[in-house]
Amino acid sequence: MLDVEKGELTETCGLLIVDGRIAEMGRSISTASADRTIDLNGRVLMPGLCDAHVHAIVPINSFAQLTRWSPTYVAIRAMPILEGMLMRGFTTVRDAGGADFGIARAVEEGLIPGPRILYSGKALSQSGGHGDMRGVGETVHDAHYYVPSLGRVVDGVDAVRAAARDELRRGASQVKLMVGGGIASYTDPIHFVQFSKDEIRAAVEEAEHAHTYVMAHAYTDMCIRHAVECGVRSIEHGNFISDDTAALMAQHNAVLVPTLVAYSTMWEEGIEVGMPPELHAKIKPVLDVGSQELEIAARNGVPMVYGTDLIGPLHRHQSLEFRIRREVLPAAEVIRHATCNATDLFNMSDRLGHVREGYIADLIALDGNPLEDIEVLMAPEKLALIMKDGRVFREAV
C-alpha cells in the first residue's frame, strides 16, 4: 500500500471492506465470511484521486453557449464526463461552478457512475466579471437559476451575502467567487481585480458561519492578495503569484490550486475544439508563466492541491496534470496534492485521502509504483482496481 502522507510503500496487508468503509486492516484478515474477495496480485493500492477544480457540466468549449442549452440536455451530456473522471481513478471532485445538487445527487444515489461531487453551485461574479458571459453589446442577463451557467451576477455586499446564503441553502460544499479576470469570459482582461473587499468579506463570513470556506478564481498577484487578505481559503489558478504573496498565503493557511493542464491543452487544441479566437489569445501570457508558480509555492510552504479546470473535449487530459507537476516537484508531493492535501482542503481528512481503518473505501490499485513513475497514474489501462464507497467500478485480474 502507498502511504501518501509519508510518501512510501508499506508492507503488504489485507483490507476488509464493510458497508463502504475500511473496517479492518492487517496481514491475517479472515475472508471466510466475505461476499467477495479481490486479489490485487502485488499491485500498489492507494487512495482514490481527487481533482479540486472541475466543471462537470461543461461538455463544450464555450460557457456562453452553455447558457442557451436545456438543463436536462446538459445533465445528459455531463454523464460521460463524470464516468470518464471516475474511470481515470478520480473518486472525489470539487466542482468550481455550474454543477448543482441534482447531478451530485444522481451520482450519490448510483443513478450514474461518477466521482463524489463537492459542488459550489454557481460561482459569484460581479457585473463584467469572469462569471458574466455577456458580450459588450448585450444588456440582458437571464438570471433564472436553472439556466445552465458557470456563475451568477451579483453586485454589492447585500447581493453577495444573499447569493452566498442561497448557494449554501442549495447544499453547496463551498462558495466560489470570481475575484479577477479570466480567459473564458469576454469583457474582463486577466489583470482586472473584481469585487470589493467588503463584498469578499461578506461571502467569507457566510461561508464560515456554515462551517465551510470560499474558493476564489484569481490569476494575478494583486487578485490573490486581494482575496487572501479577506479570508479566502482556496486560491484557484494563481499563475502570477509572487514570493511575497505566497508567504502571505502560508501565513493565512491558504491553499493554492494550480490548473496548469488547462492552459497547455487549450493553447494547443482550443481553436480546433471551438474556442473563440479572442478568448484563445488570452491564454499565452498565463501559459508562459507556467510552472514557476509551483516553485514559488513550494519554497514558501504553501500547500497545493490537484486541479485541472478542463472543459469540453479537453476533459480527457485530466491526468496530464500529474506529468506537468512532476517536472518540478517530487512524485510523492504531487501524489499528496491529489489525495491527502485535497481532503484536508475539503474538510474531509477524517474519512478520505488515506488508506486507513474507518475511512471510506475509495481505493485504486496500480500496475506500477507511482513514486518511481508517476506516468502510471496517467494510463487508465494501468488502473487494476477502481473502488468508490466500497463499490467496485473496475477490477482487472
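Since the model is a prediction, treat every value here as computed from it, not as a measurement.

Conventions and cut-offs
Residues numbered from 1 in each chain as written. Predicted model: local features only at pLDDT ≥ 70, side-chain atom pairs only at ≥ 80, totals over all residues. Heavy atoms only, no water. Phe/Tyr/Trp six-rings, centres within 6.5 Å; stacked < 30°, edge-to-face > 60°. Buried < 20%, exposed > 50% of the residue type's maximum accessible area, 1.4 Å probe, protein only. Lys NZ or Arg CZ within 6 Å of the ring centre and 35° of its normal. Disulfide = S-S within 2.5 Å. Pairing = 2+ DSSP bridges. Helix = DSSP H or I, 4+ residues; strand = E, 2+ residues; numbered from the N terminus. Axes fitted to C-alpha atoms, helices over the stretch in contact; angles between N-to-C directions. Contact = heavy atoms within 4.5 Å.

Trainee: Quick rundown of the packing of aromatic side chains? Include the residues and the values.
Mentor: Within this structure, the stated rule accounts for six aromatic pairs. Pairing Tyr145 with Tyr146 gives two aromatic rings, centres 5.6 Å apart and planes at 85°, and the pair type is edge-to-face. Under the relative-accessibility criterion, Tyr146 is labelled partly exposed at 39%. Here a set of aromatic residues connected by ring pairs shows up, and it is made of Phe90, Tyr306 and Phe322. In this structure, Lys122 packs its charged tip against the face of Tyr145, placed 5.2 Å from the ring centre.

Trainee: Which residues make up the state of the cysteines, and what values do they have?
Mentor: Per the counting criterion, the structure on display carries zero disulfides. Its sulfur unpaired, Cys13 is 18 Å from the next cysteine sulfur, which belongs to Cys340. Cys230 provides the cysteine sulfur closest to Cys223, a residue in no disulfide bond, and the two sulfurs are 12 Å apart.

Trainee: Before we move on, could you go through the sheet that holds strand E5 (residues 44-47) and cite the residues and values that matter?
Mentor: Overall, antiparallel pairing links the four strands, which are arranged E5-E15-E16-E17 in an open sheet. Each of the sheet's edge strands pairs with one partner strand only, and the pair in question is E5 and strand E17 (391-395). Across the sheet, the axes of successive neighbouring strands diverge by a mean angle of 15°, strand direction being ignored. With four bridges joining them, E5 and strand E15 (residues 363-366) adopt antiparallel strand pairing. By the bridge assignment for E15, Leu45 is matched with Ala365. Packed onto the sheet, helix H2 (residues 71-87) meets strand E16 (383-388) and E17 and runs at close to 120° relative to E16.

Structural measurements only, silent on function.
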